[in-house]
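Architecture and fold: a report
The primary structure of each chain is shown beneath.
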Amino acid sequence: DQQVKQNSPSLSVQEGRISILNCDYTNSMFDYFLWYKKYPAEGPTFLISISSIKDKNEDGRFTVFLNKSAKHLSLHIVPSQPGDSAVYFCAAIIQGGSEKLVFGKGTKLTVNP
Amino acid sequence: EPEVTQTPSHQVTQMGQEVILRCVPISNHLYFYWYRQILGQKVEFLVSFYNNEISEKSEIFDDQFSVERPDGSNFTLKIRSTKLEDSAMYFCASSEVGQHFGDGTRLSIL
């Protein structure tokens, strides 16, 4: 039951360029979306989020875009840095309940110096 | 910055044995969660806990699993009779607004 899909298992980008990570979802009840970053041997760390009433949220080098009609969101990192190399998870919530996170499988980003 | 702490970092247990995974959530948080990630798969929700009771549990969280908040600080996940397929990383999370994760316990069932 893949309600949240990240179809690219990996992405390699040159330092200084833009990284674009994509995520699709199938459940139209999701109304809040989050991106988490995970380094090896650590837990997921919250990065940025967006409510379904918005189509863009920006925080420094990170911007999340939401296209509700397409059930698609993306995370843009610009400029990419080697320290951004990690696994990025897209997650979705239905607000008002237990607010359990439904995760995608993750995309491993490698930023090459 | 306050953080969620989990112990042990790695637990090796014989199949059929009971195991208890421990978590200390962030102190002023009210919502607690357990997730797991089997190697190569996605992070999956197991259970959420609020006001000293389970608020939601997944199909994975069967009768072999239980959670407890035995005191004001700890939040535990117990697996009564472990199976090989319980081998995974188990993550605890707590939230007030937004979920904060611990670094996980790697559970290896032999």
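For the structure, see preceding data.
Residues numbered from 1 in each chain as written. Chains lettered and ligands numbered in written order. Predicted model: local features only at pLDDT ≥ 70, side-chain atom pairs only at ≥ 80, totals over all residues. Heavy atoms only, no water.

This next bit is on the overall build of chain A. For chain A, the count of helices and strands is zero helices and 11 strands. Across chain A, helices and strands are ordered from the amino to the carboxyl terminus as β-β-β-β-β-β-β-β-β-β-β. The C-alpha atoms of chain A give a radius of gyration of 13 Å, which matches the 13 Å a tight globule of 113 residues would have. The dimensions of chain A, computed from C-alpha atoms along their principal axes, are 40 × 30 × 20 Å. Every one of the 113 residues in chain A was classed for burial, and the buried ones make up 45%. Nonlocal contacts in chain A, meaning residues at least 24 apart in sequence, comprise 54% of its contacts between residues at least 6 apart. With the model as given, the accessible surface of chain A reaches about 5600 Å², and the carbon-plus-sulfur share is 49%. If the 12 positive side-chain charges of chain A are averaged to one point and the 10 negative ones to another, these points end up 5 Å apart. (Helix = DSSP H or I, 4+ residues; strand = E, 2+ residues; numbered from the N terminus. Rg over C-alpha atoms; globule rule 2.2 N^0.38 Å. Buried < 20%, exposed > 50% of the residue type's maximum accessible area, 1.4 Å probe, protein only. Contact = heavy atoms within 4.5 Å. Areas by Shrake-Rupley, 256 points an atom, 1.4 Å probe, with all protein chains shown as cover. Lys, Arg positive; Asp, Glu negative; His and termini not counted. Charge placed at Lys NZ, Arg CZ, Asp CG, Glu CD.)

For the rest of this paragraph, the subject is the overall build of chain B. In terms of helices and strands, chain B carries zero helices and 11 strands. Secondary structure of chain B in N-to-C order comes out as β-β-β-β-β-β-β-β-β-β-β. Taking 110 residues into account, the globule formula puts the C-alpha radius of gyration at 13 Å, and chain B, at 13 Å, falls close to it. Projected onto the principal axes, the alpha-carbon positions of chain B cover approximately 35 × 25 × 25 Å. Within chain B, the fraction of its 110 residues that count as buried is 44%. For chain B, restricting intrachain contacts to residue pairs at least 6 apart in sequence, the fraction spanning at least 24 positions comes to 52%. About 5700 Å² of surface is accessible on chain B, with carbon and sulfur atoms providing 46% of the total. Each charge sign in chain B was given a centre, from 9 positive and 15 negative side chains, and these centres are 5 Å apart.

Moving on, we come to the interface of chain A and chain B. With 17 residues of chain A at the interface, the matching set in chain B holds 16 residues. Together, the buried faces of chain A and chain B total about 1400 Å²; carbon and sulfur atoms form 57% of this surface. Joining chain A to chain B, the criterion identifies one salt bridge. Summed over the shared surface of chain A and chain B, the result is seven residue pairs in polar contact (both at pLDDT 80 or more). Grouping the amino acids of the side of chain A that touches chain B by side-chain chemistry returns seven nonpolar, four polar and six charged. (Buried area = accessible area lost by both parts, 1.4 Å probe. Salt bridge = Lys/Arg side-chain N within 4 Å of Asp/Glu carboxyl O. Polar contact = N/O pair within 3.5 Å; in protein donor to acceptor, adjacent residues only side chain to side chain. Nonpolar A, V, L, I, M, F, W, Y, C, P; charged D, E, K, R; others polar.)

Another point: the state of the cysteines. All names here are of chain A. For the coordinates displayed, the defined rule picks out two disulfides over all chains. In this model, C23 is linked to C90 through a disulfide, with the two sulfur atoms separated by 2.0 Å. Measuring the twist about the S-S bond at about -75°, one finds the C23-C90 disulfide to be left-handed. Here C23, found in strand β3 (residues 19-25), pairs with C90, found in strand β9 (residues 86-93); they are 67 residues apart in sequence, far enough to count as distant. Take C23 and C90: they sit in the same class, and that class is buried. (Disulfide = S-S within 2.5 Å.)

Residues and elements named next belong to chain A. Mapped onto the fold, Q95 is located in the loop between β9 and β10 (102-103). For Q95 and Y32, which are 63 residues apart along the polypeptide, the C-alpha to C-alpha distance reads 6.9 Å. Beyond its immediate stretch of four places on either side in the chain, Q95 contacts D31 and Y32.

By themselves these figures say nothing about function.
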